[in-house]
Amino acid sequence: MAYGEGHGGHEAQQAAARGPNGPWEHRADGLDREIETLDEFDQVILGGTLSGFRVQSVDLTGRTLALLSTDTSETVFLGCPMAPDAAAKIRADGALVFPPVPHLPFDPYRGLLYTPEHLFKGLDEGGYEVTPDALAYDWFQRTKADGDILSSMLRSVHDDAISDALDELLVGARVVGVMGGHAMARGTDAYAGAARLGRELARTGLTVATGGGPGAMEAANLGAYAAPHPGEMLDEALEILAKTPSFSPSISDWARAAFEVRGRWPGGAGSVGIPTWFYGHEPPNAFAGHIAKYFANATREDGLLARCNAGVVFLPGAAGTVQEVFDNATPNYYESRGEPTPMVLVDRAHWTQKLPAWPLLTALARERSMESRIALVDSVAEAPEALARLSG
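Remember, predicted model here, so these are calculated numbers, not experimental data. (Residues numbered from 1 in each chain as written. Predicted model: local features only at pLDDT ≥ 70, side-chain atom pairs only at ≥ 80, totals over all residues. Heavy atoms only, no water.)

**Q** Break down unusual backbone geometry for me, with residues and values.
**A** A cis amide bond, omega 15°, links S248 with the succeeding residue P249. In this structure, P249 sits in the loop between α10 (231-242) and α11 (251-264). One non-glycine residue, E74, lies in positive phi territory at about 65°. Mapped onto the fold, E74 is located in the loop between α2 (64-68) and β3 (76-78). Phi angles above zero are rare outside glycine, and H103 is one such case at about 65°. One can find H103 in the loop between β4 (96-98) and α4 (116-119). (Helix = DSSP H or I, 4+ residues; strand = E, 2+ residues; numbered from the N terminus.)

Structural data, given as structure tokens:
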């Protein structure tokens, strides 16, 4: 599914998914067999069979007759509520059923990425503390060290489902990463510069991806959101946001300011945020239209950088951004993901004096293919041209 397309339906086929390793193997012909919405279910059911499909987190309590009258052999149901007689019938057919898990603040089988509206549901009524994002973080804090294999398995299943949804979203997209620190405050020149960078990159047809949190990450997602709007929209949005510079002390006030901007200027462009509950004290930002939030930070970090096939722009940051620089440099050095991708570091003083990552990066790149794919620029305004030049 190409980036920007809606989840509008999978082509229904009669053949079951079979392969050399058994009936549960995914189809070798590349046909998408995943059903992730009720509309897709209704479309597929017209073909007369669900055999070989994977039905992912779809509420089927209103589709009992369809399930009772349809072939569900070799179908996989992941967290799909359904009537007891329908559940008994599909198990008798030989379907593989992963039942919903009660009392969780998240859906481990979810088929689609998160949206800001989902993660911040309840913000206006009860504040951030009652939102699904906050409740999932609380659950993670309670279970991350309890040694319970069920909890760790649920986190792993959830994160794998998120990766699958992210891959589906980004098929065919040219993704550029914008990395930078969470401490960059709204109302600063640095924040405004990062937002204008995100807007310019989005207007060239690139999909902007960030770590999905506050600061530089929010600014880049905001800029991408502003891409289809007139130029003055971003200036006015920056003024609104500047009244709540940080998510501390109130995440609720910080998030409400973002939704005020979204409400005043609906229809912004989609971009991607990839945050983590590992850093749960940092909330996701509301300007990334597609949010791939993970429990495992290592999975999140590698997944974010691996998907930035059009390169990465590194804005000034601290330890986390330094880590991302070299997490990205390593596969470029070994060419383990193929041809090296562009890396643009912004702010010469920051990367050569305050945190001198640039000298080490150039030393690593010397006489290797990645040497022609790295650049250091003085200002954020220079980054798009540098990225285009390194991309050839």
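**Q** Which residues make up the pairing of strand β6 (residues 207-210), and what are the values?
**A** Residues T207 and A209 line one face of β6 and the alternating positions V208 and T210 line the opposite face, and both faces are buried. In the sheet, strand β5 (residues 175-179) pairs with β6 via three bridges, with the strands oriented parallel. Note that in β6 the partner of V176 across the bridge is V208. At this point the chain moves from β5, through helix α8 (residues 189-203), to the parallel β6, and the crossover so formed is right-handed. Where β6 meets strand β7 (residues 272-273), two bridges bridge the pair, whose relative direction is parallel. In the strand pairing of β7, T210 is matched with G273. (Buried < 20%, exposed > 50% of the residue type's maximum accessible area, 1.4 Å probe, protein only. Pairing = 2+ DSSP bridges. Right-handed = clockwise from strand over helix to strand, strands pointing away.)

**Q** An account of the confidence of the model for the protein chain is needed here, citing residue identities and associated values.
**A** Overall, the prediction assigns the protein chain a mean pLDDT of 92, with 92% of residues at 70 or greater. Contacts for the low-pLDDT stretch residues 1-30, under 50 throughout, to residues beyond four places or in other chains number 77 contacts. (pLDDT = per-residue confidence, 0-100. Contact = heavy atoms within 4.5 Å.)

**Q** Quick rundown of helix α3 (residues 84-93)? Include the residues and the values.
**A** If you check which residues of α3 are buried, you get A86, A87, K89 and I90. Within α3, the buried residues cover an arc of 165° as seen down the axis, which keeps them to one side. Structural note: α3 exposes P84 and A92 on the side pointing more than 90 degrees away from its buried face. On its buried side, α3 packs onto α2, β3 and β4. Once α3 finishes, G94 follows within two positions and takes phi at roughly 100°, a positive value. (Arc of directions from axis to C-beta.)

**Q** Just give me the short version of α8, but keep the residues and values in it.
**A** Compared with the 21 Å implied by 1.5 Å per residue over 15 residues, the 21 Å span of α8 between its first and last C-alpha is a close match. Within the sequence span of α8, burial applies to Y191, A192, G193, A194, A195, L197, G198, R199, L201 and A202. Buried residues in α8 make contact with β5, β6, α9 (216-226), α10, β9 (312-314) and α16 (383-390). (Expected span 1.5 Å × (residues − 1).)

**Q** Tell me about the nonpolar core, residues and numbers included.
**A** The biggest cluster of nonpolar side chains holds 53 residues, and the ones touching the most others in it are L166, W277, F314, W351 and L361. With residues up to four places along the chain from it excluded, the contact list for L166 reads L113, V272, I274, A292, Y294 and R307. The next biggest cluster of nonpolar side chains, apart from the first, holds 43 residues, and it includes M184, L238, W265 and V346. (Core = buried A, V, L, I, M, F, W, Y, C linked by side-chain atoms within 4.5 Å.)

**Q** Summarise the pattern of salt bridges; cite the residues concerned and give the values.
**A** Across all of its chains, the model carries 15 salt bridges by this definition. Across the salt bridge formed by E218 and R186, the nearest N and O atoms sit 2.7 Å from each other. With E218 in helix α9 and R186 in the loop between β5 and α8, this pair connects stretches of sequence that are 32 residues apart. Neither residue differs from the other here; E218 and R186 are each classed as buried. A salt bridge links D302 to R337, with the shortest nitrogen-to-oxygen separation between them at 2.7 Å. Remark: R337 occurs in the loop between α13 (319-334) and β10 (343-346) and D302 occurs in helix α12 (residues 297-306); sequence separation between them is 35 residues. (Salt bridge = Lys/Arg side-chain N within 4 Å of Asp/Glu carboxyl O.)

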